[in-house]
Amino acid sequence: MSRDLKAAIHASRPRTLSDLESLVRIESVSADPARASEVQESAELTAALLRDTGLPDVQIVSVEGGLPAVIARKPAPEGAPTVLLYAHHDVQPEGDPALWSSEPFVPTLRGERLYGRGTADDKAGIAAHLAALRALGDELAVGVTVFVEGEEEIGSPTLGAFLAEYKDLLAADVIVIADSGNWDIGVPALTTSLRGIVAVTVEVQTLEHGVHSGMWGGVVPDALMALTRVLASLHDDNGDVAVQGLHASKAADLDYPEQRVRAESGAIEGLELIGSGTVVDRAWTRPAIAILAIDTTAIDQASNTLLPKATARVSMRIPPGETPDNALQRLTDHLEQHAPWGARVTVTPVEAGRPFAIDAQGPVYDAARSAFAEAWGGTTPVDIGVGGSIPFIAEFADAYPNAAILVTGVEDPDTRAHGANEGLHLAEFERVCVAEALLLRNLAR
């Protein structure tokens, strides 16, 4: 008789959470060269945990200039499909520790959530793979390849080279990306669209050198004044993106009440929401621009000087149907054309990633929806978009055009991934683990 997977997942919950906590304690911040040894340690622990599930072939690999990844494999039985299970073991920087209610790299249980950097994004993805494989044990009837990347949080810069070198090892019929989320607590989801990204630095120069603000103020503009005018031009008075020539479309017919938006985003009382169209249109299928940083004089170093140069990082999320090349050109043109008073504007590309949309129809997606509905006690999963970006999905689609790609994950609207007090809802996490085990069983059938 087949094992009761829900019972098996629940019984192994203490072990699964212990594995997750051990991973979270490692400060595997891929953006910080000083913590490269921690990224290596994280890969080594991930490899050890995957060996412990019984996968016979586990290795830590990388390409030149890349960070360590883990590949673990078990060949498919005759006639069975191979499933690639993806996650990443690197994490975002923790930011200001003062904004956290507990130490960022000390997993801390409060209420129904486990808090800490990477508890959800994406070390919980690793833990979900471990839980599903252990629950199935010898009943695992598909081939499995687990690929745990080490540089997703810095844009997967060597993934193209990695896929070229290890393409045969990673080949699969179904690819499960455990790096997204669900619609709400108690409502599972399949992610069917993701926005891409284009990021630039924009430098504005007005003077050859700094000059006395008393002597020249009111006569010549300083660079920060000009930069703020350029940045303000990126949105109209309603908050919609003002860059011309960008693609936009309609999202799924899902209601996202304004009160929920305010609660989940942490909007202050009285704040007006920006943009036009439905909430899901604005978040999933329209462009969005954020000013991530401005380099200028710190307040404690300020003097009565007109600044000659100022620089900002501008990030634009682009919806499915848009291309990074077009978006970059349109953004660059806009920034250059809105330079006030003859200021010199220099735009330098920083990052580009393609959006992606999935036609989630067919037997693989039926198997996934059935698994999710069973794991969530009969609740039908919904198809959602995600406003964030996972550019490597497009690279997987290029490398394996015949594979069905399932984008799932452990996050919920209050996960706060990338922010302070990132947390994992443990009841939802257990359901995610059950769903993955059921999915592997369904795919075997």
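Refer to the preceding data block for the structure.
Only a predicted model underlies this, so the values are computations on that prediction, with no experimental measurement involved.

### Some remarks on unusual backbone geometry
- Of the consecutive residues Asp-121 and Asp-122, the connecting peptide bond is found in the cis state with omega at 0°.
- Structurally, Asp-122 is set in the loop between strand E5 (113-115) and helix H4 (123-136).
- Located in the positive-phi region is Arg-416, a residue other than glycine, with phi close to 60°.
- By secondary structure assignment, the location of Arg-416 is in the loop between strand E17 (404-411) and strand E18 (423-425).
- With a relative accessible area of 47%, Arg-416 lands in the partly exposed category.

### With respect to the side chain of His-425
- You can see His-425 is positioned in strand E18.
- Setting aside its immediate chain neighbours within four residues, His-425 contacts Glu-112, Arg-113, Ile-185 and Asp-412.

### A short note on helix H8 (residues 258-265)
- For H8, the full list of buried residues reads Arg-260, Val-261 and Arg-262.
- Contacts from the buried residues of H8 go to helix H9 (279-285).
- Looking one or two residues beyond H8, the residue adopting positive phi is Gly-266, at roughly 75°.

### As for the packing of aromatic side chains
- Tallied over the full model, the rule gives 11 aromatic pairs.
- Relative to Phe-162, the ring of Phe-147 lies with its centre 5.1 Å away and its plane at 20°, an arrangement referred to as stacked. Here Phe-147 is found in strand E6 (residues 143-149), whereas its partner Phe-162 is found in helix H5 (residues 159-170), with 15 residues between them in sequence. Judged on exposure class, the residue Phe-147 and its partner Phe-162 are both buried.
- Aromatic ring contacts, followed pair by pair, group Tyr-86, Phe-147, Phe-162, Tyr-166, Phe-392, Phe-396 and Tyr-400 into a single cluster.
- If you follow Arg-110 out to its NZ or CZ, it ends over the ring of Tyr-115, 3.9 Å from the centre.
- Seen from the ring of Tyr-256, Arg-260 lies directly overhead, with NZ or CZ sitting 4.4 Å from the centre.

### Examining a nonpolar patch on the surface
- A contiguous nonpolar surface patch, about 350 Å² in accessible area, is contributed by Met-215, Trp-216 and Val-219.
- Overall, Val-219 belongs to the exposed group, its relative accessible area being 59%.

### Description of the pattern of salt bridges
- One pass over the structure, following the stated rule, counts 19 salt bridges.
- For Asp-32, the salt bridge goes to Arg-35, with nearest N and O atoms at 2.9 Å.
- One continuous salt-bridge network, built from bridges that share partners, spans Arg-15, Asp-19, Asp-52 and Arg-134.

### With respect to the pairing of strand E8 (residues 189-194)
- Buried residues dominate E8, accounting for six of its six residues.
- Pairing geometry for E8 and strand E16 (residues 382-386), over five bridges, is parallel. Considered in E16, the bridge of Leu-190 is made with Asp-383.

Criteria and cut-off values
- Residues numbered from 1 in each chain as written.
- Predicted model: local features only at pLDDT ≥ 70, side-chain atom pairs only at ≥ 80, totals over all residues.
- Heavy atoms only, no water.
- Helix = DSSP H or I, 4+ residues; strand = E, 2+ residues; numbered from the N terminus.
- Buried < 20%, exposed > 50% of the residue type's maximum accessible area, 1.4 Å probe, protein only.
- Contact = heavy atoms within 4.5 Å.
- Phe/Tyr/Trp six-rings, centres within 6.5 Å; stacked < 30°, edge-to-face > 60°.
- Lys NZ or Arg CZ within 6 Å of the ring centre and 35° of its normal.
- Patch = residues over 30% accessible without salt bridge, like charges linked within 9 Å, V, L, I, M, F, W, Y side chains within 5 Å.
- Areas by Shrake-Rupley, 256 points an atom, 1.4 Å probe, with all protein chains shown as cover.
- Salt bridge = Lys/Arg side-chain N within 4 Å of Asp/Glu carboxyl O.
- Pairing = 2+ DSSP bridges.

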